[in-house]
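What the coordinates show
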Amino acid sequence: MKKGEIYEGVIEKVDFPNKGIVMVDEQKVTVKNGMPGQKVRFMINKKRSGRAEGRLLEVLEKSPLETRNPVCSIFPECGGCMYQTMSYENQLAMKERQVRDLLEGALNGADYQWEGIHGSPIEFRYRNKMEFSFGDEYKDGPLALGMHKRGSFYDLVTVSDCQIVDEDFRTILKATLDYFSKNNIPYFHRATHKGYLRHLLVRKATKTGEIIVDLVTTTQTEGFNEEELLAGFRYALLTRHYDGIFKGVLHTKNDSVADVVKNEGTEVLYGDSYFYEELLGLKFKITPFSFFQTNSLGAEVLYETAREFILGDDKDSLNGKTVYDLYSGTGTIAQLMAPVCKEVVGVEIVEEAVCAAKENAALNGLDNCKFIAGDVLKVLDEIEEKPDYIILDPPRDGIHPKAIGKIIEYGVENMVYISCKPTSLARDLQIFMDRGYKVEKICCVDMFPNTYHIETIVLLQRET
């Protein structure tokens, strides 16, 4: 087996994240972007240390699990919802198996309670936020607005009938693309660093229906009057019909070379720069750049499950106690726990998220939440209050090993770890177990139907 050679085979199973396993002459090959049971053609693109990886070229035969037709015209080019032809029940079963297989290896036979997997309340139209990119579908092609094609650094596919968002998102995308195409406005070329249009951010509150749109551009305005152009863009959006409530149209400048949405100054073209969303009876103020779970209904399932793990059968178990919410984001789970404990201390490295957390706590009348901006690794040395309970919700890469050491040194009886990446979770759990903690129970929550992403909640208890 050599690099560049082409083979055929059947995907026997898919490991997290989206790693299909194909056997070729007793050699295991990892082929991404497939599903169990598919017969595929692939080309070997990596071969080292006895491990081989293949790039999917073609699906020769469908999987028996593919019982549905695609729900959009851009499948599978987009690559965002690779499991949409599989029933949601089978998606959940596959994700649950992936996490169990991964964690069983890390936990090395430890005894714990498996709580299964909770699905998202809705399978489609669940996203409350999208970041669309401007570009072209092929070199020198017409203007496109959407997502990068699977495996492509440059080419885009216009996601005009994307089904993980509702009709308002699709209406806004079409109005925006039509307007800038008609005016021949150039997009920002990543290779030449020339052009104006970069991204379109759309957010819609699931509970309140409020919508904000943010157009992200460079400051390269040669050849047109920017003020007139933006006025026309605002008019193009506001004259459309929406089921939701249009709260604001914004314009953000970003001259960064990197292909990321970066705020280098935002102006309000219409309305407000924020809206409100509701989760489990709490109200949250959301701006274009606020960190907030992208599936509001799924987030309620996630946080309600986490709260049940924390409190257990004793709803008064945190009375008079101090809780650390580490990697607290905009303080959602901290505010959910505040009514049942003495104090919650949230730590988050993103300063804007901390400001939002403080504002939201005030909005919800919670005066026992304290939020600190900084790296968990450093801030833990500065907090005077000592925790009775710790909640962990780190970024995808998990917890810094030195931070885990500091967390363990507090010696709290119980902790809850919320993870968006099972591989990072498996690594961190091994450290906790080596340092005297045992895993009590685990549950998965699917926040992203039709994709490979999954959230996992773990209850840890210090061994006596």
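You'll find the structure just up there.
Attention in this report is confined to the structure presented alongside it. All values reported here derive from a predicted model rather than from experimental measurement. (Residues numbered from 1 in each chain as written. Predicted model: local features only at pLDDT ≥ 70, side-chain atom pairs only at ≥ 80, totals over all residues. Heavy atoms only, no water.)

This next bit is on the state of the cysteines. Scanning all chains against the criterion turns up zero disulfides. With no disulfide of its own, Cys81 has Cys162 as its nearest cysteine by sulfur position, at a separation of 5.9 Å. A residue is classified by how much of its surface remains accessible, and Cys81, at 14% relative accessible area, is buried. Sulfur of Cys420: no disulfide; nearest cysteine sulfur belongs to Cys444 and is 13 Å away. A residue is classified by how much of its surface remains accessible, and Cys420, at 19% relative accessible area, is buried. (Disulfide = S-S within 2.5 Å. Buried < 20%, exposed > 50% of the residue type's maximum accessible area, 1.4 Å probe, protein only.)

Position of Val213 relative to the elements: it lies in strand 11 (residues 210-217). In this structure the C-alpha to C-alpha distance between Val213 and Phe169, which are 44 residues apart in sequence, comes to 9.6 Å. Once residues within four sequence positions are removed from consideration, Val213 is found in contact with Ile172, Leu200, Leu201, Val202, Phe233, Leu237, Phe246, Gly248, Val249 and Leu250. (Helix = DSSP H or I, 4+ residues; strand = E, 2+ residues; numbered from the N terminus. Contact = heavy atoms within 4.5 Å.)

Before going further, it helps to examine the pattern of salt bridges. Applying the stated rule across the entire model yields 22 salt bridges. For Arg41, the salt bridge is made with Glu8, and the minimal N-O distance between the two is 3.0 Å. Taken together, the positions of Arg41 in strand 4 (residues 39-48) and Glu8 in strand 1 (residues 6-15) put the pair 33 residues apart, joining distant regions of the chain. Residue Lys438 is joined to Glu440 by a salt bridge in which the shortest nitrogen-to-oxygen separation is 3.5 Å. Lys438 gets classed as partly exposed once you look at its relative accessible area, which sits at 33%. (Salt bridge = Lys/Arg side-chain N within 4 Å of Asp/Glu carboxyl O.)

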